[in-house]
Amino acid sequence: MSELPPQKIQTEAVTPAPEKSKRLVNQISLSTELDENAKTICQELLRDEYMRVGYEPVVIAAYDTRGERLAIYDETGEIIGTIGLLLDEAGNPESLPAGTLFKEEVAKLQEGGTRLIEIGQFATLDTVGLARSALKNLVDQLVVRAKSLGAQVAVITVNPRHAPLYERLGFSRVEAGTRHYEEVGAPAVLLSRPVTLQ
């Protein structure tokens, strides 16, 4: 039997698909006045964001019934994102989603009658990136709104990999370690900040 000559196999380098380029938004505004179309857009943004990052579908009812769902608009008036605010029930840490995961820590923050507001369910279009100035403006507008609702401290639970961003925006980690957030199927840390402009 004769031997076959070695064959040269040509391979092509596989390059990953290019990431969608994101439009950088520098100016944003918030609105709590949402018609049915805006509410639907916000709910779809939130669902899409959670699916995109691999989180479990999230229940949004608390923010839409007891709290506020806010639309984030760019400078052209297009809805590019959504975020929710939820005021605590005084003395009841479990009235906030963060309090179901960080009950003792939230209860400690509520001591002395301090009212908390939770910032949550933040999502943007996957084609949009917020400039640092827009993120700071977003937090400033949320703080003003939170203060008008009677809150003194804002809390937020985030994936630990996102904590440095929020720390640059004036939040501090609450000493509680990392917990597993069953609702979304991801790790979470608790952060807080006074409801004052910085």
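Scroll up a little and you will see the structure.
Residues numbered from 1 in each chain as written. Predicted model: local features only at pLDDT ≥ 70, side-chain atom pairs only at ≥ 80, totals over all residues. Heavy atoms only, no water.

Concerning the packing of aromatic side chains
Each pair of aromatic rings is reported with the distance of its centres and the angle of its planes.
And then number 1: Within this structure, the stated rule accounts for one aromatic pair.
And then number 2: Ring centres of Tyr166 and Phe171 lie 6.0 Å apart, and the angle between their planes is 80°; this geometry places the pair in the edge-to-face category. Both residues of the pair, Tyr166 and Phe171, count as buried.
And then number 3: One Lys or Arg, Arg193, reaches over the ring of Phe171 and ends 5.8 Å from the middle of that ring. (Phe/Tyr/Trp six-rings, centres within 6.5 Å; stacked < 30°, edge-to-face > 60°. Buried < 20%, exposed > 50% of the residue type's maximum accessible area, 1.4 Å probe, protein only. Lys NZ or Arg CZ within 6 Å of the ring centre and 35° of its normal.)

What about helix H5 (residues 132-148)?
And then number 1: Its 17 residues place the ends of H5 24 Å apart at the C-alpha level, agreeing with the 24 Å of an ideal helix rising 1.5 Å per residue.
And then number 2: Within H5 the residues assigned to the buried category are Ala134, Leu135, Leu138, Val139, Leu142, Val143 and Ala146.
And then number 3: Phi for Gly150, located one or two positions after H5, is positive at around 100°. (Helix = DSSP H or I, 4+ residues; strand = E, 2+ residues; numbered from the N terminus. Expected span 1.5 Å × (residues − 1).)

Section: the environment of Arg115
And then number 1: Here Arg115 is to be found in the loop between helix H4 (103-109) and strand E5 (116-124).
And then number 2: When its relative accessible area of 24% is taken as the criterion, Arg115 is described as partly exposed.
And then number 3: Separated by 37 residues in sequence, Arg115 and Gln152 place their C-alpha atoms 5.5 Å apart.
And then number 4: Excluding residues within four positions of it along the chain, Arg115 makes contact with Leu87, Asp88, Glu89, Ala90, Gly150, Ala151, Gln152 and Val153.
And then number 5: Of note is the side chain of Arg115, whose polar atom sits 2.3 Å from the backbone oxygen of Asp88. (Contact = heavy atoms within 4.5 Å. Polar contact = N/O pair within 3.5 Å; in protein donor to acceptor, adjacent residues only side chain to side chain.)

Section: the nonpolar core
And then number 1: Counting residues in hydrophobic clusters, the biggest one holds 30 residues, and the most contacted among them are Ile28, Ile119, Leu130, Leu142, Phe171 and Leu191.
And then number 2: Put simply, the parts of the chain that give this core at least two residues each are strand E3 (68-73), strand E4 (79-87), E5, strand E6 (128-130), H5, strand E7 (153-158), helix H6 (163-168) and strand E10 (186-194).
And then number 3: When residues of this core are assigned to their parent elements, the largest contribution, seven residues, is made by H5.
And then number 4: Once residues within four sequence positions are removed from consideration, Leu142 is found in contact with Leu30, Leu70, Ile83, Leu85 and Ile119. (Core = buried A, V, L, I, M, F, W, Y, C linked by side-chain atoms within 4.5 Å.)

Considering the side chain of Ser95
And then number 1: Looking at the element boundaries, Ser95 is found in the loop between E4 and helix H3 (97-101).
And then number 2: A relative accessible area of 6% places Ser95 in the buried class.
And then number 3: Separated by 2.8 Å, the side chain of Ser95 and the backbone nitrogen of Glu89 make a polar contact.

Some details on helix H1 (residues 36-52)
And then number 1: In this model H1 runs 24 Å from its N-terminal to its C-terminal C-alpha over 17 residues, within 8% of the 24 Å that 1.5 Å per residue would give.
And then number 2: Within H1 the residues assigned to the buried category are Ala38, Cys42, Leu45, Leu46, Glu49 and Tyr50. When H1 is viewed along its axis, its buried side chains cluster within an angular range of 125° and face the same direction. Among the exposed residues of H1, those pointing more than 90 degrees away from its buried face are Glu36, Asn37 and Met51.
And then number 3: Where H1 is buried, its residues meet E3, E4 and E5.
And then number 4: At the N-terminal boundary of H1, the capping side chain belongs to Asp35, with an oxygen 3.1 Å from the backbone nitrogen of Asn37.
And then number 5: The first or second residue beyond H1 is Gly54, which carries a positive phi of 85°. (Arc of directions from axis to C-beta.)

What to know about unusual backbone geometry
And then number 1: With phi around 50°, Gln121 is a residue other than glycine that occupies positive phi space.
And then number 2: Along the chain, the position of Gln121 falls in strand E5.

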